[in-house]
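Now for the letters of each chain:
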Amino acid sequence: LFSSAVDQLLNHRHFFPNQFQTKEQVMKEILSGNEAIARGAFEAGVRVACAYPGTPSTEILENIIQYEGIDASWAPNEKVALEVGIGAAFAGGRALVAMKHVGVNVAADPLFTLSYTGVNGGLVLVTADDPEMHSSQNEQDNRNYAKFAKVPLLEPADSQECKDFTRLAFELSERFDTPVLLRTTTRISHSKSVVDLATPVTGLPEPKLVRNAAKLVMLPSNARVRHPLVEERLKKLAEHGAKMEINRLELRGTEVGIITSGVSYQYVREVLPDASTLKLGMVHPLPLDLVRKFAAQVKKLYVVEELDPFIEEQIKAAGIPVMGKELLPVCGELTPGIIRQAFATRHGAVPSPEVPAKLPGRPPNMCPGCPHRGVFYALNQLKAFVAGDIGCYTLGFMPPLSAMDTCVCMGASIGNAIGMVKVVAEADRRKVVAVIGDSTFLHTGINGLMDMVYNNVPATVVILDNRITAMTGRQENPASGFTLTDQPASRIDIPALCRALGVKNIRKVDPYDLEATKKAIEEEMERPEPSVIVTDRPCVLVKREEVFQKGPVLAVTAEKCTGCRACLKIGCPAIVWHPDDGKKGKATIDYLLCTGCDVCRQLCKFEAIGRSE
Amino acid sequence: VNGATTNILLVGVGGQGILLASEVLSETFMLAGFDVKKSEIHGMSQRGGSVVSHVRYGSEVFSPIVPEGEGDILFGFELLETCRYLSLLKKGATVIANDLCIPPPAVLSGEERYPDDLGERIRARFPDFLLVDGLRMATDAGNPRTANTVLLGAVSRRLEIAEEYWLKAIEKMVPAKAFEVNRKAFLAGRSL
């Protein structure tokens, strides 16, 4: 039963029946940070929730759909998600918008001007940062966005705070007429802790349309009036911050004082239990009066924060002596051990941690039967120079497929390919292929394709249409045919869309057919015109019957296997190599893992691989 | 255990059911009246990668991850992964592992070998090492898919938490029709 746990977890809301309907007692549940934010949105009376999936933020929307009264949806990208939220807030409804840290880059355009307009109904933007880059291409510290956009930022330190701060963020948003950033990190989003549930707020005003051009139409004459209000708002927020309960002085001793927030607070309490702490719930604007008060009560003042010296620099700029990044790294996650080590060198040594034994690594891999595998095998064989993109298929860079040469951000592949084609000689031009998934193409890749057609750039684009946003755990998108709440939806016809953009050379291939896939890519690489190839196979993890059907599994006939290793070149986890079997070694296929995709059979020249009876 | 925080690490391969098992542990500790925190990384690691889940309980838990070198119990779903995370444990910690080997990509392709002395390596450093034939015991209990529940039972023996809380947590986490076979698997593991 436990072994199908991935599926169960991806749908784990079904294992947690709603228990909080009983009103008499305080209900407790163990919730992740993301689940607690969803709960907090419900308790805050949120009307609209909108997001584009991105680790570690994805589960917020997946959990919010269990609550009645919230219109929750996936948007094609983070910018649209925020714009939907802004519309709801302008019309007086509370709106929650969620995304991963790099998603805020996409949504930054509306965010900066939203700071000027302010809101009517509250608007909270959750930015889920990923220090250590567990599942990201960079580890930007989005607290900087709060300073840049001049908006308040709250940072919860556990799931209880995730829920409570979400409620509080909506109150602040309306009270100060500002969007509020709620910043989590992977360790907050994906850690679980005990949460007391509360009943939702009541008596919020009904949303309605009210004209107020001076506030909501940001052309220069109006925006010039709004900007001073933004500056004034920041001052008021900083004053308010000194009185907020979530900015908490905890005096334990006078030797060491530590200013900290988020998960770093938990690590400090863990390894430096005797230190006094100033625990910040709102890290922007910084309540400097409170910092001064704390600094006056301790002999030595430190800041413990992950990534950038965001708090530290502001304290130093205010002329308050403090240490931070002199002791702690800017790169990567903090851990209790790193903090212990940093402070131990000043207060006695700790034993150095043991060096782990050298063992074979276990990196993530494409699933058995993944339709991306055949495409990357073909690209490898064709020696293509592949401008890659963000998704499961980014794993195509790893050996033995080794067929991805660049990966920058969502949608970048097509623009990157265009730029390469513009500067290299004809022989190299042919090698340039952009590879992008269906969801990523619709996110921001489509603009690159417009450029390619408009400026007539002869490059090849492969759109890997697996009918789902797979990497983040199978979320629906505008080309999957279903909504966040599993309702059937209009499904974008990707080849027709490309045709409408003006692409003349469009073909569909079955990526399980290696020969046809290789031939199609080869021909389009040769063609001195823009061209698009759409691969047409669903993700093996999509469980809808009509979408994916497992074929009869394959097996190796031991007598026919010559040990040539050709089947190993696709890196399928179902194919096992036995080095000691026979003269050169032999391959077998794990029948429990094989999906019967048939790709390995096409690689075996000796017909040793066949359908198992 | 008294008053202090107990640190449990669950390790294995993405897709083995580690996250669900850590949910059952957390639920049990909450039902027994403890503060609980757990942490793991979702996302890319689910694609067959190495997975580690941290579960901590006590009167008041701060960090959601186990401080390096303070692990009390390592609950391994696969031998190579069990070995990989030994450095997170404190001296004298308990290791309970499923007797299962899942070859990683470099072993599948023949570039590297799966070490054949992992059990000995573990026992040499952590004498309190229990190797469980999870699959056989689960099959005996009535369903080979309850191997994780058998292991959970073995872990439960080392923790001072009443049986009723474990069974309540399992009952909450598994579908009603699967509860009985999971109960049997749990009790089989608990008798080890």
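Shown above is the structure to which this text applies.
The structure presented is a predicted model; accordingly, all values stated were derived computationally and were not measured. (Residues numbered from 1 in each chain as written. Chains lettered and ligands numbered in written order. Predicted model: local features only at pLDDT ≥ 70, side-chain atom pairs only at ≥ 80, totals over all residues. Heavy atoms only, no water.)

## What about the overall build of chain A?
In terms of helices and strands, chain A carries 21 helices and 22 strands. Expected size for 613 residues packed as a compact globule is a radius of gyration near 25 Å; at 27 Å, chain A falls within 12% of this value. By principal-axis analysis of the C-alpha atoms, chain A measures approximately 80 × 65 × 60 Å. Across the 613 residues of chain A, 60% fall into the buried class. Looking at chain A as shown, the accessible area adds up to about 24900 Å², and 54% of this sits on carbon and sulfur atoms. Charged side chains in chain A number 69 positive and 71 negative. The centres of these two groups are separated by 2 Å. (Helix = DSSP H or I, 4+ residues; strand = E, 2+ residues; numbered from the N terminus. Rg over C-alpha atoms; globule rule 2.2 N^0.38 Å. Buried < 20%, exposed > 50% of the residue type's maximum accessible area, 1.4 Å probe, protein only. Areas by Shrake-Rupley, 256 points an atom, 1.4 Å probe, with all protein chains shown as cover. Lys, Arg positive; Asp, Glu negative; His and termini not counted. Charge placed at Lys NZ, Arg CZ, Asp CG, Glu CD.)

## Focus: the nonpolar core
Residues and elements named next belong to chain A. Grouped together as the largest cluster of nonpolar side chains are 75 residues, with contacts concentrated most on Phe 376, Leu 379 and Phe 441. In terms of residue count, the dominant contributor to this core is helix α18 (residues 438-454) (six residues). Setting aside residues no more than four positions away along its own chain, Leu 379 makes contact with Ala 384, Val 386, Ala 403, Val 433, Val 435 and Ile 521. By size, the runner-up hydrophobic cluster in this structure holds 57 residues, among which are Ile 60, Trp 74, Leu 272 and Tyr 302. (Core = buried A, V, L, I, M, F, W, Y, C linked by side-chain atoms within 4.5 Å. Contact = heavy atoms within 4.5 Å.)

## Considerations on the environment of Phe 126 of chain B
The topology assignment puts Phe 126 of chain B in the loop between α4 (118-125) and β6 (129-132). Look past the residues within four positions of Phe 126 of chain B in its chain and what remains in contact with it is Leu 86, Leu 89, Lys 90, Gly 92, Ala 93 and Val 95 of chain B.

## Details of the sheet that holds strand β3 (residues 71-74) of chain A
Residue and element names in this part refer to chain A. Pairing is mixed in the open sheet, where seven strands are placed in the order β3-β2-β4-β5-β7-β6-β12. The two strands at the open ends of the sheet, each matched to only one other strand, are β3 and β12 (282-284). Taken together, the two bridges between strand β6 (residues 153-154) and strand β7 (residues 180-185) define a ladder with parallel strand orientation. Its bridge partner lying in β7, Leu 153 is registered against Leu 181. (Pairing = 2+ DSSP bridges.)

## Topic: unusual backbone geometry
Residues other than glycine predominantly adopt negative phi, and peptide bonds predominantly adopt the trans conformation. Residue and element names in this part refer to chain A. Cis geometry is adopted by the peptide bond preceding Pro 56, which originates at Thr 55 and carries an omega value of 10°. Take Pro 56: it is sitting in the loop between β2 (48-51) and α3 (59-64). With an omega dihedral of 5°, the bond running from Pro 399 to Pro 400 counts as a cis peptide bond. Along the chain, Pro 400 turns up in the loop between β14 (385-387) and α16 (412-423). Even without being a glycine, Met 133 presents a positive backbone phi close to 50°. Since its relative accessible area comes to 34%, Met 133 is described here as partly exposed.

## With respect to the interface of chain B and chain A
Residue-level contacts link 64 residues of chain B with 64 residues of chain A. Summed over both partners, the interface of chain B with chain A comes to about 5700 Å²; 60% of that surface belongs to carbon and sulfur atoms. For the interface between chain B and chain A, the tally reads six salt bridges. With a shortest N-O distance of 2.9 Å, Lys 192 of chain A and Glu 23 of chain B are connected by a salt bridge. In this assembly, chain B and chain A are joined by 18 residue pairs in polar contact (both at pLDDT 80 or more). For the side of chain B that touches chain A, the element with the highest residue contribution is helix α1 (residues 18-31) of chain B, accounting for seven residues. For the side of chain B that touches chain A, the residue count by class is 26 nonpolar, 19 polar and 19 charged. Bridge count for strand β8 (residues 191-196) of chain A against strand β2 (residues 35-40) of chain B is three bridges, and the pairing is antiparallel. Its bridge partner lying in β2 of chain B, Ser 191 of chain A is registered against Ser 39 of chain B. (Buried area = accessible area lost by both parts, 1.4 Å probe. Salt bridge = Lys/Arg side-chain N within 4 Å of Asp/Glu carboxyl O. Polar contact = N/O pair within 3.5 Å; in protein donor to acceptor, adjacent residues only side chain to side chain. Nonpolar A, V, L, I, M, F, W, Y, C, P; charged D, E, K, R; others polar.)

## Things to note about α16 of chain A
Residue and element names in this part refer to chain A. Look at α16: 17 Å from first C-alpha to last across 12 residues, which is about the 16 Å you get at 1.5 Å a residue. Residues Ala 412, Ser 413, Ile 414, Ala 417, Ile 418, Met 420 and Val 421 constitute the buried set of α16. Among the structural elements, β14, α17 (426-429), β15 (432-437), α18 and β16 (460-465) are those in contact with the buried residues of α16. (Expected span 1.5 Å × (residues − 1).)

## Quick look at the packing of helix α7 (residues 163-173) of chain B against helix α8 (residues 179-190) of chain B
Residue and element names in this part refer to chain B. Where α7 meets α8, the axes come as close as 10 Å, and the angle between the chain directions of the two elements is 145°. The interaxial crossing formed by α7 with α8 has right-handed handedness. Here Glu 163, Trp 166, Leu 167, Ile 170 and Glu 171 of α7 come into contact with α8, specifically with Phe 179, Asn 182, Arg 183, Phe 186, Leu 187 and Arg 190. Residue composition of the contact of α7 with α8, by class: six nonpolar, one polar and four charged. (Axes fitted to C-alpha atoms, helices over the stretch in contact; angles between N-to-C directions. Left-handed = near helix turned anticlockwise from the far one by under 90°.)

## Structural notes on the sheet that holds β14 of chain A
Residues and elements named next belong to chain A. Strand order across the open sheet formed by five strands is β14-β15-β16-β18-β17, with parallel pairing between neighbours. Two strands bound the open sheet, and with one partner strand each, they are β14 and β17 (505-509). On average, each strand axis in the sheet is tilted by 25° relative to the strand beside it, whichever way the strands run. Note that β16 and strand β18 (residues 531-536) share six bridges and pair parallel.

## A word on the environment of Leu 123 of chain A
Residues and elements named next belong to chain A. Looking at the secondary structure, you find Leu 123 in strand β5 (residues 123-129). Using a relative accessible area of 0% as the deciding quantity, one classes Leu 123 as buried. The spacing of Leu 123 and Pro 488 is 365 residues in sequence and 29 Å in space, taken between C-alpha atoms. Among residues more than four places away in sequence, those in contact with Leu 123 are Leu 82, Gly 85, Ile 86, Ala 89, Ala 95, Leu 114, Phe 170, Ser 173, Thr 178, Pro 179 and Val 180.

## Some thoughts on the packing of aromatic side chains
Tallied over the entire structure, the rule returns nine aromatic pairs over all chains. Seen from their ring centres, Phe 112 of chain A and Tyr 145 of chain A are 6.2 Å apart, and the 75° between their planes marks the pair as edge-to-face. Here Tyr 145 of chain A lies in helix α6 (residues 143-149) and Phe 112 of chain A lies in helix α5 (residues 101-117), a separation of 33 residues in the sequence. A residue is classified by how much of its surface remains accessible, and Phe 112 of chain A, at 23% relative accessible area, is partly exposed. When its relative accessible area of 13% is taken as the criterion, Tyr 145 of chain A is described as buried. The interplanar angle of 70° and the centroid separation of 4.9 Å between the aromatic rings of Phe 34 of chain B and Tyr 57 of chain B together place this pair among those described as edge-to-face. Taken together, the residues span a long stretch of sequence, with Phe 34 of chain B in the loop between α1 and β2 and Tyr 57 of chain B in strand β3 (residues 50-58) at a distance of 23 residues. Classification of Tyr 57 of chain B as buried rests on a relative accessible area of 1%. Joined through ring pairs, the aromatic side chains of Phe 29, Phe 34, Tyr 57, Trp 166 and Phe 186 of chain B make up one cluster. (Phe/Tyr/Trp six-rings, centres within 6.5 Å; stacked < 30°, edge-to-face > 60°.)

## Quick notes on the pairing of β3 of chain A
Each regular strand carries side chains that alternate between the two faces of the sheet. Residue and element names in this part refer to chain A. Here β3 shows a buried face lined by Ala 72 and Trp 74 and an unburied face lined by Asp 71 and Ser 73. Of the pairings in the sheet, the one linking β2 to β3 comprises four bridges and is parallel in character. For Ala 49, the partnering residue across the bridge sits in β3 and is Ala 72. Remark: the β2/α3/β3 crossover connection has right-handed handedness. (Right-handed = clockwise from strand over helix to strand, strands pointing away.)

## Regarding the pairing of β2 of chain B
Residues and elements named next belong to chain B. Counting buried positions along β2 gives five out of six residues, so the element sits mostly inside the fold. Note: β2 against β3, six bridges, orientation antiparallel. Bridge assignment links Val 36 to a residue of β3, and that residue is Tyr 57.

## Focus on the state of the cysteines
Residue and element names in this part refer to chain A. One pass over the structure, following the stated rule, counts zero disulfides over all chains. Here Cys 572 stays free of any disulfide, with the sulfur of Cys 597 as its closest cysteine sulfur at 6.4 Å. Sulfur of Cys 600: no disulfide; nearest cysteine sulfur belongs to Cys 594 and is 6.2 Å away. (Disulfide = S-S within 2.5 Å.)

It is worth stressing that arrangement in space is one thing and function is another; only the former is reported here.
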